[in-house]
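# Coordinate analysis (summary)
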Amino acid sequence: MRKVAIVGAGMTAFGEHFALGIKDLLPMAFADCAKSVDKGLAKSDIQGAWFGAMGTADGFPSGILADSLGLPDLPVTRVENSCATGNDAVRNALFGVASGAFDVALVMGADKLRDTTSKDMLWKWEAMARDMAWDYPLGLVSPAGFALHVRRYMHESPTTREHLAMVAVKNHRHGVNNPKARLRFEITLEQALEAPTIVTPFGLYDCAPQSDGAAALVIAAEDVVERFTDRPVWIRGVGLGLDSVMHQHKPDMTTFPATTRAAKQAFAMAGMTPADVDVSEVHDFFTGIELISYEDLGFAERFGGYKLVEAEVTSVGGALPVNPSGGLKAKGHPPGATGVAQCVELFAQLRGEAVNQVDGARVGLAHNIGGPTAVAAVTLLEGSAHGAR
Amino acid sequence: MPYVASIGTYLPCWGAPQHRVPGDDEDAITLAVEAGRAALIASGAVERVVLVSRDMPLLESSNAAVLLAGLGLDPELEVDERLGGAPATLDAVSSARPRTLIIGTDLDPAGAAAILTAERGLQVRTAARVARSLPVRTRNATGDVHDYGDPRLLHERGLVASLAAAWLDTPSAVAGVEHERAVELCIGAPPPLPTTGASASLFALAGMADAGTTGPLVAVEQASLSGVTVSGGVAELHRREPPARPAPAGTYLEGADIPISLAAYERAFEAKTRWEAGRFAASDELDFPPRYRLAEDGALASDYELIPLPRTGTVYTETTVHMPVPGLRTPYSLVIVELDGVGVRALVKVTGAEAGTVDIGARGRLALRRVAVRSGVPDYGYMFEPERAA
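Not measured: the values here are computed from a predicted model. (Residues numbered from 1 in each chain as written. Chains lettered and ligands numbered in written order. Predicted model: local features only at pLDDT ≥ 70, side-chain atom pairs only at ≥ 80, totals over all residues. Heavy atoms only, no water.)

### As for the overall build of chain A
Applicable threshold: Secondary structure elements are taken from DSSP: a helix is a run of H or I of four residues or more, a strand is a run of E of two residues or more, and numbering for both begins at the N terminus. Restricting the calculation to C-alpha atoms gives the radius of gyration, and the globule rule supplies 2.2 Å times the number of residues raised to the power 0.38. For each residue, the accessible area found with a 1.4 Å probe, counting protein chains only, is set against the maximum for its type, and the residue is called buried under 20%, exposed over 50%, and partly exposed in between.
For chain A, the count of helices and strands is twelve helices and eleven strands. For 389 residues, the compact-globule estimate of 2.2 N^0.38 gives 21 Å, and the C-alpha radius of gyration of chain A, at 19 Å, lies within 12% of that figure. Across its three principal directions, the C-alpha atoms of chain A cover 55 × 45 × 35 Å. Expressed as a percentage of the 389 residues in chain A, the buried residues total 67%.

In structure tokens form, the structure reads like this:
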């Protein structure tokens with residue numbers, strides 16, 4: 001397989017884009033991405049595209065991508081893998097280029113959640129995640145599925161609600177500087193703890209806001225990278241892991257086997273270990289998920305995730321910053337776009353251009369889990385020269 | 001002349017002691033299943049089922065399949081769904097052959113009671129039957145209620161006139177009227193009854209069996225009346241009548257029609273309403289829900305048999321949903337329950353307890369409830385009822 005690098009990355013702001021449809025968001029994200037390509041990008045450079053979209057706003061997703069970019073000759077494959085959609089689109093595009101089939105490919109991710117009325121959103125999206133006869137009628141809303149894990153995790157580990165709140169405070173603080181984030185304000189530990197309960201043990205600030213948005217990456221084979229940039233960000237490892245779909249079939253709910261499987265593949269492919277990672281974007285759809293993921297990704301010992309937030313290890317300025325972009329928590333979570341947007345943040349981090357720059361960041365990790373908790377994707381990226389220009 | 005081998009009763013835990021209300025997850029069928037299962041603790045044979053109510057959840061389509069599944073009875077049994085009140089249930093008892101399970105079930109006040117007939121037990125025989133018309137309250141096929149609003153007319157020309165026409169001895173118990181009325185009409189102290197509809201006459205029978213009283217038992221509905229005479233003999237009695245608690249207010253968010261796939265409903269029905277897992281021959285493993293399996297060589301195994309699951313277990317994890325969910329009352333609790341001794345977990349809602357009161361490690365039982373109403377279809381499944389603190 002050939003080496004493959006990201007040569008351009010961009011995204012729209014995430015938010016409630018009532019005034020913008022998916023056909024607007026896709027060209028906006030593409031333009032932001034094209035602008036980042038150091039030596040310039042022509043649309044005709046792109047030979048194939050992988051499009052991550054969980055929903056189908058305004059119809060057939062692949063065709064909408066080709067139409068809205070004005071690229072009728074472009075072969076587009078739509079990827080749908082629940083919350084892991086974005087990073088799985090990266091993974092599939094990587095294989096397309098590494099194999100030699102294409103030299104330059106486009107990865108995009110987008111979702112338009114707020115085109116569905118909030119009244120109907122819940123049952124509509126639940127239908128994508130649950131067994132129609134057994135689990136759907138229970139009202140196991142998305143936060144509740146994750147809460148079943150976190151509740152048990154808190155039962156078996158020393159983790160408290162304060163530790164969950166510390167994750168929220170950290171990611172909100174990171175989000176303040178990010179112009180693409182939806183929630184750009186700081187919160188205090190007290191605010192997080194006193195917020196209204198959504199599902200136990202999650203309060204309002206433990207949850208990420210459902211949002212609209214799009215993100216784009218251009219990837220190129222090593223043979224042609226120099227046409228676009230002298231500072232590529234290499235895709236070193238990708239992994240995709242699955243687990244039982246039904247929560248009642250997961251023997252140990254304090255860990256996500258999907259994540260450990262995906263991470264194992266990605267680290268093996270990269271020839272790296274968790275100790276090599278300098279900065280990461282971790283799936284914090286709910287605060288407790290970030291803590292469990294520290295352990296599943298190999299950043300913390302089992303039931304030791306809370307120590308990392310207590311000691312501010314995962315804050316920008318700490319030894320292993322997690323979610324310098326603000327994470328899903330502050331940025332928002334349009335599922336198809338989320339994983340691609342994580343790579344947009346890491347592209348900037350590994351080129352030394354991020355708004356919350358992690359000093360000397362060389363290796364970055366992106367992680368998603370969803371499906372619900374039945375699929376995870378991990379992507380490992382490496383900058384060209386210690387992240388500096 | 002029928003004999004009553006066993007009596008089972010059920011009252012929802014919500015409402016006032018003498019006026020229970022069903023939970024959001026209960027309807028006339030789930031109440032009937034609870035009472036029927038209580039009557040069947042005595043483990044007699046059942047050859048047919050008579051269900052009496054004026055609150056049947058489905059008037060078109062049938063309630064029989066869910067009833068039999070919930071009771072754990074053979075789907076080949078005859079189920080007689082009778083529209084009626086307290087006299088109709090007593091009529092069903094009078095004419096019952098042995099091994100008939102008769103259940104009366106009501107929603108307002110809520111409760112259900114069941115009896116199983118046999119060749120021996122508590123003896124009852126028909127004493128009177130009068131059908132007269134005095135429709136002071138009516139409800140038509142679309143549920144429209146009209147109340148004439150004259151309780152004295154109902155008492156004088158309904159109950160008193162029908163009793164006179166029936167040539168009955170002074171009753172020992174009267175079902176279908178308020179307790180004060182029953183006291184006026186009876187000798188001794190008639191049992192206070194928690195319901196006034198189809199289940200009331202069986203609650204009265206339970207009360208007489210409890211107190212060891214004999215004599216006429218009269219059941220009335222407006223101006224119609226049936227009577228039996230209870231003589232000697234013993235029936236096994238199982239009451240599932242928890243103390244009453246105020247129903248949690250919660251918040252109900254209107255405006256959702258929760259969709260259903262009837263194809264998925266039909267596929268899941270047996271395992272879901274009978275609480276059964278799949279098991280393949282020569283395997284100890286249970287699949288819940290049941291599923292096909294592939295062998296290592298890719299060969300398909302689809303011929304699993306359904307095995308009853310334990311109905312008790314321990315909470316492995318829990319969450320309580322406070323956010324508004326269209327079409328459901330919040331808050332509500334969900335639990336994953338580790339079923340006793342089989343290595344199977346189930347994801348279910350909590351019933352019979354205030355939301356948020358069930359903790360990890362709690363013990364309880366699984367009971368048939370109406371999990372949701374989806375596009376007009378009552379969707380039945382099992383829920384976790386925690387053991388009450390002693």
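Further notes follow.
### Things to note about the layout of surface pockets
Counted only if it meets this: Using protein atoms alone on a 1 Å grid, points that fit a 1.4 Å probe yet trap it form a cavity, whereas open point sets bounded by protein on both sides within 12 Å along at least five of seven lines form a pocket; residues with an atom within 4 Å of a point count as lining. Grid points are joined across faces, edges and corners, and a volume is the space filled by probe spheres set on the points. Three classes are used, and their members are as follows: Ala, Val, Leu, Ile, Met, Phe, Trp, Tyr, Cys and Pro are nonpolar, Asp, Glu, Lys and Arg are charged, and the others, Gly among them, are polar.
For the second largest pocket, the calculated volume is near 1100 Å³. Around the second largest pocket, the lining comprises 41 residues; the ones closest to its centre are Ser142(A), Pro143(A), Gln210(A), Phe285(A) and Met323(B). Only helix H4 (118-126) and helix H5 (142-156) of chain A provide two or more residues apiece to the lining of the second largest pocket. Here the lining of the second largest pocket gets six residues from one element, more than from any other, and that element is H4(A). In terms of residue class, the lining of the second largest pocket is made up of 26 nonpolar, seven polar and eight charged.

### Some remarks on the interface of chain B and chain A
Going by this rule: Residue contacts are defined here by distance: any two heavy atoms, one from each residue, within 4.5 Å place the two residues in contact. Simply put, the buried area is the total loss of 1.4 Å probe accessible area from both parts when two parts are fitted together. Just to be clear on terms, a salt bridge is a Lys or Arg side-chain nitrogen sitting within 4 Å of an Asp or Glu carboxyl oxygen. N or O atoms within 3.5 Å of each other form a polar contact, as long as, within protein, one can give a hydrogen and the other can take it, and as long as residues adjacent in sequence are counted only when both atoms are side-chain atoms.
With 40 residues of chain B in contact, the opposing surface of chain A contributes 33 residues. In terms of surface lost to chain A, no three residues of chain B exceed Tyr316(B), Met323(B) and Leu347(B), which account for 19% of the buried area on that side. Joining chain B to chain A, the criterion identifies two salt bridges. The tally of links from chain B across to chain A stands at 17 residue pairs in polar contact (both at pLDDT 80 or more). Only helix H7 (262-274), strand E20 (312-321), strand E22 (332-339), strand E23 (345-349) and strand E24 (363-374) of chain B provide two or more residues apiece to the side of chain B that touches chain A. Here the side of chain B that touches chain A takes six residues from E20(B), the largest share from any one element.

### Quick notes on unusual backbone geometry
Cis geometry marks the peptide bond from Thr200(A) to Pro201(A); its omega dihedral reads 5°. Counting through the fold element by element, Pro201(A) comes out in the loop between strand E5 (197-199) and strand E6 (202-203). The peptide bond linking Thr330(B) to Pro331(B) adopts the cis configuration, its omega dihedral lying at 0°. Residue placement: Pro331(B) occurs in the loop between strand E21 (329-330) and E22. Even without glycine at this site, Trp167(B) takes up a positive phi of about 55°. Assignment of secondary structure puts Trp167(B) in the loop between helix H4 (151-166) and strand E11 (173-175). Phi is positive for Ser375(B), which is not a glycine, with a value near 50°.

### Brief notes about the nonpolar core
This is how the line gets drawn: Take the buried Ala, Val, Leu, Ile, Met, Phe, Trp, Tyr and Cys residues and link them wherever side-chain atoms come within 4.5 Å; each set so joined is a nonpolar core.
Of all hydrophobic cores here, the largest spans 64 residues; its most connected members are Val141(A), Val199(A), Phe202(A), Val321(B) and Val325(B). Ranked by residues supplied to this core, first place goes to H5(A) with seven residues. Every residue in contact with Val321(B), bar those within four places of it in the chain, is listed here: Gly139(A), Val141(A), Ala144(A), Ile198(A), Val199(A), Thr330(B), Pro331(B), Tyr332(B) and Leu334(B). If you look at the next biggest cluster of nonpolar residues, it comprises 53 residues, including Ala268(B), Ala346(B), Val348(B) and Tyr380(B).

### Observations concerning the packing of aromatic side chains
The line we're drawing: A pair of aromatic rings is counted whenever rings of Phe, Tyr or Trp (Trp by its six-membered ring) have centres within 6.5 Å, and the orientation is called stacked for planes under 30 degrees apart, edge-to-face for over 60 and tilted otherwise. Note on criteria: charge over ring means Lys NZ or Arg CZ within 6 Å of the ring centre, with the direction from the centre no more than 35 degrees off the ring normal.
Per the stated rule, a full pass over the model turns up twelve aromatic pairs over all chains. A centroid spacing of 5.8 Å and a plane angle of 85° characterise the contact between Phe146(A) and Phe285(A), whose relative ring orientation is edge-to-face. Of this pair, Phe146(A) sits in helix H5 while Phe285(A) is found in the loop between strand E9 (279-281) and helix H9 (287-296), placing the two residues 139 residues apart along the sequence. Grouping residues by exposure puts Phe146(A) and Phe285(A) together as buried. Plain terms: the ring middles of Tyr153(A) and Phe303(A) are 5.9 Å apart, the flat faces sit at 55° to each other, and that makes the pair tilted. One end of the pair, Tyr153(A), is in helix H5; the other, Phe303(A), is in the loop between H9 and helix H10 (305-310), and 150 residues separate them in sequence. In textbook terms, an aromatic cluster arises when at least three aromatic residues are bridged by ring pairs, as seen for Trp134(A), Trp275(B), Phe288(B) and Tyr382(B). The ring of Tyr316(B) carries Arg345(B) above its face, with NZ or CZ at 3.7 Å from the centroid. In this structure, Lys349(B) is placed above the aromatic ring of Tyr332(B), and the distance from its NZ or CZ to the ring centre is 4.3 Å.

### A closer look at a nonpolar patch on the surface
Selection criterion: Patch construction takes residues with relative accessible area above 30% that form no salt bridge. Like charges are linked within 9 Å, and nonpolar side chains (Val, Leu, Ile, Met, Phe, Trp, Tyr) are linked within 5 Å. Computed with the Shrake-Rupley method and a 1.4 Å probe, the accessible areas treat only the protein chains shown as cover for residues.
A cluster of nonpolar side chains, contributed by Tyr292(B), Leu294(B) and Leu300(B), occupies part of the molecular surface with about 370 Å² of accessible area. Take Leu294(B): it is sitting in strand E17 (residues 293-294).

### Description of the environment of His238(B)
Tracing the chain through its elements places His238(B) in strand E14 (residues 236-240). Each C-alpha atom, one on His238(B) and one on Tyr10(B), is 8.9 Å from the other, the two residues being 228 residues apart in sequence.

### Re empty space enclosed by the protein
Taken as a whole, this structure holds five cavities of 30 Å³ or more when the rule is applied. There is about 150 Å³ of room inside the largest cavity. Together, 16 residues line the largest cavity, and Trp134(A), Trp275(B), Leu347(B), Val348(B) and Tyr382(B) are the ones closest to its centre. If you list the elements that add at least two residues to the lining of the largest cavity, you get E23 and strand E25 (377-386) of chain B. In terms of residue count, the dominant contributor to the lining of the largest cavity is E23(B) (four residues).

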